[in-house]
Amino acid sequence: MSRYSVRVYEDSDHRRVQEIFISGCHEHIPTAFYRGLRQPHNWLLLVLGLVLPLVTLGSIVLSILGVTGVLLVLWLPGREFYLYHIRHGLAGDLKDIRKHYLQREYHCFWVVDLEGEVIGMVAAISAMTPHENNIELKRMFVTDHHRGKGIAKVLCRTVIDYARRSGCNAVVLSTTNVQVHAVNLYEKVGFRRTAPALYNAWLGLVGMAWVSYRYDIPSDT
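Residues numbered from 1 in each chain as written. Predicted model: local features only at pLDDT ≥ 70, side-chain atom pairs only at ≥ 80, totals over all residues. Heavy atoms only, no water.

As for the nonpolar core
Across soluble globular proteins, you tend to see nonpolar side chains buried next to one another.
Line of reasoning, step 1. In this structure, L137, M140, V159, V171, Y186 and F191 are the most contacted members of the largest nonpolar core, which totals 32 residues.
Line of reasoning, step 2. Those elements that provide at least two residues to this core are β2 (108–114), β3 (117–128), β4 (133–142), α5 (151–165), β5 (170–176), α6 (180–189) and β7 (210–216).
Line of reasoning, step 3. Among the elements that line this core, the one with the most residues is α5, at 7 residues.
Line of reasoning, step 4. F33, L94, I97 and L203 belong to the second-largest nonpolar core, a separate cluster that totals 28 residues. (Core = buried A, V, L, I, M, F, W, Y, C linked by side-chain atoms within 4.5 Å. Buried < 20%, exposed > 50% of the residue type's maximum accessible area, 1.4 Å probe, protein only. Helix = DSSP H or I, 4+ residues; strand = E, 2+ residues; numbered from the N terminus.)

A few points about unusual backbone geometry
Line of reasoning, step 1. Non-glycine residue Y106 carries a positive phi angle of around 60 degrees.
Line of reasoning, step 2. For Y106, the location among the structural elements is in the loop between α4 (97–102) and β2.
Line of reasoning, step 3. A positive phi angle is found at R139, which is not glycine, with a value near 55 degrees.
Line of reasoning, step 4. Note that R139 resides in strand β4.

Remarks on the layout of surface pockets
Line of reasoning, step 1. Considered as a void within the structure, the largest pocket measures approximately 1200 Å³ in volume.
Line of reasoning, step 2. Lining the largest pocket are 40 residues, and of these H28, M140, Q179, A182 and Y186 sit closest to its centre.
Line of reasoning, step 3. Listed by contribution, the elements that provide at least two residues to the lining of the largest pocket are α1 (14–37), α3 (60–91), β4, α5, β5 and α6. (1 Å grid on protein atoms, 1.4 Å probe; cavity = no way out; pocket = protein on both sides within 12 Å on 5 of 7 lines; lining within 4 Å. Points joined across faces, edges and corners; volume = space filled by probe spheres on them.)

Quick look at α5
For an α-helix the count is 3.6 residues per turn, leaving residues at separations of three or four pointing the same way.
Line of reasoning, step 1. Counted at 1.5 Å a residue, the expected span for α5 with its 15 residues is 21 Å, and the 21 Å between its end C-alpha atoms agrees.
Line of reasoning, step 2. Buried residues of α5: I151, L155, C156, T158, V159, I160, Y162 and A163, and no others.
Line of reasoning, step 3. After α5 finishes, the residue G167 shows a positive phi value of roughly 75 degrees. (Expected span 1.5 Å × (residues − 1).)

Description of the pattern of salt bridges
Line of reasoning, step 1. Tallied over the entire structure, the rule returns 13 salt bridges.
Line of reasoning, step 2. Here R7 makes a salt bridge to E10, at a shortest N to O gap of 3.9 Å.
Line of reasoning, step 3. Overall, R7 belongs to the buried group, its relative accessible area being 18%.
Line of reasoning, step 4. Among the residues examined, E10 registers a relative accessible area of 40% and is labelled partly exposed.
Line of reasoning, step 5. Here R7 makes a salt bridge to D113, at a shortest N to O gap of 3.1 Å. Residue R7 is located in strand β1 (residues 4–8), and its partner D113 is located in strand β2; the two are separated by 106 residues in the primary sequence. Note on accessibility: R7 and D113 belong to one class, buried.
Line of reasoning, step 6. Connected through shared salt-bridge partners, R7, E10, D13 and D113 make up one network. (Salt bridge = Lys/Arg side-chain N within 4 Å of Asp/Glu carboxyl O.)

Brief notes about the UniProt feature "domain: N-acetyltransferase" (unreviewed entry) in the chain
Line of reasoning, step 1. UniProt feature "domain: N-acetyltransferase" (unreviewed entry): in the numbering of this structure it lies at residues 70–218.
Line of reasoning, step 2. For residues 70–218, the end-to-end C-alpha separation is 49 Å, with 38% helix and 30% strand making up the annotated structure. (UniProt positions renumbered as here; feature names shortened; annotations may be inferred.)

Observations regarding the sheet that holds β4
Strand pairing in a sheet relies on backbone hydrogen bonds. The paired strands run either parallel or antiparallel.
Line of reasoning, step 1. In space, the 7 strands of this open sheet follow the order β1-β2-β3-β4-β5-β7-β6, with mixed pairing throughout. Each edge of the sheet is formed by a strand with only one pairing partner; in this case those strands are β1 and β6 (192–193).
Line of reasoning, step 2. Strands in contact with α1 are β2, β3 and β4; relative to β3, the strand with the most contacts, it is inclined by about 85 degrees. (Pairing = 2+ DSSP bridges. Contact = heavy atoms within 4.5 Å. Axes fitted to C-alpha atoms, helices over the stretch in contact; angles between N-to-C directions.)

Focus on the environment of L50
Line of reasoning, step 1. Structurally, L50 can be placed in helix α2 (residues 40–57).
Line of reasoning, step 2. Along the sequence, L50 and V61 sit 11 residues apart, while their C-alpha atoms lie 9.8 Å from each other.
Line of reasoning, step 3. Residue contacts for L50: discarding those within four places in its chain leaves S63 and V67.

Structure below.
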């Protein structure tokens, strides 16, 4: 890690941060699709799409179209989910990072700098409740060529340390179960799951769900 440094976002990082965000979201689309293929109920859909046209109409062409249709249905939820997040992010907080993160209390945005190149990022926002002042970890991405080097763990610690210095009670986050490596990382760092996985009908088709985590800041530090 001696070549890497974590620093606060600068305006000159804007385009690179958006590129990393877009690329990172796109990476999850095929992962969501493959997760859908592993769901037993979707095996049944594929079998039905293949067999029914053959049995009822004797058509191989319609069988191929049936399987293709099922595969398309399994591809769309993950695709639309992550494309929505790209559009929402670029039109929202990532449109003006300085205004959204650096000019607001209990908000911050950091990048990982490797010899002048931004190769990762993470953000923190206020997540206040009636009883607690928490920090939410958001927008954590590391470019694919630099993963497995402990950078994401350093970014998690950066947010945790920020929350500690700010006198907060905990760091919270939400992610999807599609992002298996991120989930494993959070648990290794010390985050604990705070609620059952949250499904909805559309994402549940491919087994996608929201999962929530929390890292409690020790009160004696």
